Amino acid sequence: MADLSTDFVGIKSPNPFWLASAPPTDKEYNVRRAFEAGWGGVVWKTLGLDPHVVNVNGPRYGVIHGADRRVLGLNNIELITDRPLETNLREIKTIKRDFPDRAMIVSLMVPCEEWAWKEILPKVEETGADAIELNFGCPHGMSERGMGSAVGQVPDYIEMVTRWCKQNTRMPVLVKLTPNITDIRYPARAAHRGGADAVSLINTISSITSVNLDTFSPEPSIDGKGSHGGYCGPAVKPIALNMVAEIARDPETRGLPISGIGGITTWRDAAEFMALGSGSVQVCTAAMTYGFGIIKELTAGLSRWMDEQGHERLSDVVGRAVPNVTDWQYLNLNYVTKAQIDQDLCIKCGRCYAACEDTSHQAIAIKEGRVFEVIDAECVACNLCVDVCPVEDCITMRVLEPGELDERTGRKVAAEYANWTTHPNNPSSQAAE
Ligand SMILES: Cc1cc2nc3c(=O)[nH]c(=O)nc-3n(C[C@H](O)[C@H](O)[C@H](O)COP(=O)(O)O)c2cc1C
């Protein structure tokens, strides 16, 4: 059986699945039930300094549904915890005492002044928590007060606050990054310079999910008015994966531990985040949608896949995909593929034809009896037909062999470029020499 136990910057947990800082981790009742269900750790819902905050009393969530009403994206306008600091601290201490083998990380957001951090850090330390996570991410409510993403968008502030925390606590410091910036590497580098033990990402993406066309109020609507919120859930996973990979392969932050967050719903999602360099993963929307019980499928699926692949421990997986993330100019232009349609699977809906004929390269012919055929001489291998086809595996891409004729260019696939990774004309292989 694969070993799922995790040692992330000295924070130990029986598996890499932590609940992200959010309503599932807002109180003892929830966290106790989460740990009983098998979660490896939690990042406690963000604490601030009292006087505590007041949330809206109308709806705080908006959702983007798929056609089957599955939750694809979740938007929230919730603030940090609205429970008193002392209550939270007492509950954190109790839970850590009762579940010493689980990771207990406490998320913090206080004013961007050193006295505030000096005030809260010893109180958290006293609970026996394993680490703190600095919430430089929330895009709404707190950012207007100079906290959250207002700090996370200014690398100098990130560095300064991280340094204050490192100087004023013995606990490991995770810096949670906001995706609401243009280049994630700059805040990550700043956290690294400030002495962060790790970064966690992503927090939510600024968003308005919809507008009510009867009242013209953005949703969720509070008495006819709406405010931008933070977007998360499966829809944000591709954005999060890219940001994780950018940090993992940046020479200035290479080796900086990453806790991956953003749309993780299945063990597969988690494995992908790990392959791109995440040593632990955090889950929020999936738990809020399906409940704590999903941890069983997450751990069972991950360990079964690791067994099948012969990976004994998580360190065999973490970062394995990072060397395969490259810049566009290093992609092998001699790798040629062509679409092919499995006529036995085709349901003759014609979506591939409509997409290709109207918007792409006119590379699909419609023959008598609604038989669709790829015209190799026109196919640029864009993959759109594969993407729009409603039948899985009906359209696939065939890789041309070295020496085979590409009918579109009239050139044979160059044998000498077959192994592009090590070919001397590949700039990345030259750089490696
Ligand atoms: C309702 C709600 C409240 C949240 N509150 C916090 C918070 O207090 N602190 C924080 O760092 N992140 C907060 N988040 C962001 C999550 O921790 C997480 O970064 C984000 O939801 C992405 O993960 P997911 O796609 O698995 O939901 C919140 C998210 C939601 C949905």
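Coordinates for the structure precede this section.
All of the points below concern the structure found in this document. None of the values given here were measured: they were computed from a predicted structure. (Residues numbered from 1 in each chain as written. Predicted model: local features only at pLDDT ≥ 70, side-chain atom pairs only at ≥ 80, totals over all residues. Heavy atoms only, no water.)

## A short note on the site of the ligand
The line we're drawing: One heavy atom within 4 Å of a molecule or strand is enough for the residue carrying it to be called near that molecule or strand. Each polar contact in these results corresponds to two N or O atoms within 3.5 Å; when the atoms are within protein, one needs to be able to donate a hydrogen and the other to accept it, and residues that are neighboring in sequence are counted only if both atoms are side-chain atoms. Method for areas: the Shrake-Rupley scheme with a 1.4 Å probe, in which residue coverage is limited to the protein chains shown. Helix and strand assignments come from DSSP, with helices taken as H or I runs of at least 4 residues and strands as E runs of at least 2, each series counted from the N terminus.
In the vicinity of the ligand lie 23 residues, with S21, T46, K176, G263 and T285 positioned nearest. In the model, an oxygen atom of the ligand is placed 2.8 Å from a nitrogen or oxygen of the K176 side chain. Measuring from an oxygen atom of the ligand, one finds a backbone N or O atom of G263 at 2.6 Å. In isolation the ligand exposes 610 Å². Once the protein is present, 99% of that is buried. Looking at the shell around the ligand, the elements that each hand over two or more residues are β4 (41-47) and β6 (71-76).

## Looking at the state of the cysteines
Linking two cysteines covalently via their sulfur atoms produces the bond known as a disulfide. Counted only if it meets this: Note on disulfides: each one is a pair of cysteine sulfur atoms within 2.5 Å. Only protein chains enter the accessibility calculation, which uses a 1.4 Å probe. A residue is then buried if its area is under 20% of the maximum for its type, exposed if over 50%, and partly exposed in between.
Applying the stated criterion across every chain, the model contains zero disulfides. C232 takes part in no disulfide bond, and the closest cysteine sulfur, belonging to C284, lies 5.4 Å away. C232 gets classed as buried once you look at its relative accessible area, which sits at 14%.

## Concerning the nonpolar core
This is how the line gets drawn: We define the nonpolar core as a collection of buried residues of types Ala, Val, Leu, Ile, Met, Phe, Trp, Tyr and Cys that are connected through side-chain atoms lying within 4.5 Å of one another. Whether two residues are in contact is decided by their heavy atoms, any of which lying within 4.5 Å being enough.
Membership of the largest hydrophobic core comes to 80 residues, with the highest contact counts inside it found for W39, W117, V175 and L201. Among the elements that make up this core, the one with the highest residue count is helix α7 (residues 237-248) (seven residues). Excluding anything up to four places from it in sequence, W117 contacts L108, M109, V110, P111, C112, P122, L134, F136, V161, W164 and C165. Listed in part, the 13 residues of the second largest apolar core include I341, A363, F372 and C389.

## Side note on the sheet that holds strand β14 (residues 229-232)
Keep this limit in mind: The criterion for strand pairing is that DSSP finds at least two bridges linking the strands in question. Each axis is a line fitted through C-alpha atoms, taken for helices only over the stretch in contact, and angles between the N-to-C directions span 0 to 180 degrees.
Overall, antiparallel pairing links the four strands, which are arranged β5-β6-β14-β11 in an open sheet. Lying at the two open borders of the sheet, with one neighbouring strand each, are β5 (61-65) and β11 (205-207). Looking at each pair of strands side by side, their axes are set apart by 35 degrees on average, direction ignored. In this sheet, β6 lies alongside β5 in antiparallel orientation, the contact comprising five bridges. Residue G62 lies in a different strand from β6, and its bridge partner there is N75.

## Quick word on the pairing of strand β10 (residues 198-201)
Put simply, side chains in a regular strand alternate between the two faces of the sheet. Applicable threshold: A clockwise course of the path from the first strand over the helix to the second, judged with the strands pointing away from the viewer, identifies a crossover as right-handed.
Residues A198 and S200 of β10 are buried on one face, and the alternating residues V199 and L201, pointing to the opposite face, are buried as well. Strand direction decides the pairing type here: strand β9 (residues 173-176) and β10, joined by three bridges, are parallel. Each residue of the ladder has a partner; that of V175, found in β10, is V199. Traced from β9 through helix α6 (residues 185-193) to β10, the parallel crossover comes out right-handed. In terms of strand pairing, β10 meets strand β15 (residues 258-261) through three bridges, oriented parallel. From the neighbouring strand, V199 faces β15, where its bridge partner is I258.

## Regarding a negative patch on the surface
Put simply, the rule reads: Put simply, a patch holds well-exposed residues, over 30% relative accessible area, that have no salt bridge, with like charges counted together within 9 Å and Val, Leu, Ile, Met, Phe, Trp or Tyr side chains within 5 Å. Basic side-chain nitrogens of Lys or Arg form a salt bridge, by our definition, when they fall within 4 Å of a carboxyl oxygen of Asp or Glu. Neither His nor the chain ends contribute to the count of charged residues, in which Lys and Arg are positive and Asp and Glu negative. Note on charges: their place is set at NZ of Lys, CZ of Arg, CG of Asp or CD of Glu.
Taken together, D342, D344, E392 and D393 make up a surface patch of like negative charges. Along the chain, E392 falls in the loop between α12 (384-388) and β20 (395-399).

## Quick look at the pairing of strand β8 (residues 131-135)
For β8, the tally of buried residues reaches five of five residues, placing the bulk of the element in the interior. Neither face of β8 is exposed, since A131, E133 and N135 on one face and I132 and L134 on the opposite face are all buried. Where strand β7 (residues 103-108) lies against β8, four bridges are found, and the strand directions are parallel. Each bridged residue has a counterpart across the sheet, and for S107 the counterpart in β8 is E133. For the crossover that starts at β7, traverses helix α3 (residues 114-125) and ends in the parallel β8, the hand is right-handed.

## Let's talk about the pattern of salt bridges
The full count for this structure, using the stated rule, is 26 salt bridges. Here D7 and K12 are joined by a salt bridge, their closest N and O atoms 3.4 Å apart. For the pair formed by D7 and K12, the shared burial category is exposed. Between E312 and R313 there is a salt bridge, with the nearest N and O atoms lying 3.1 Å from each other. Looking at R313, the relative accessible area reads 40%, which means it is partly exposed.

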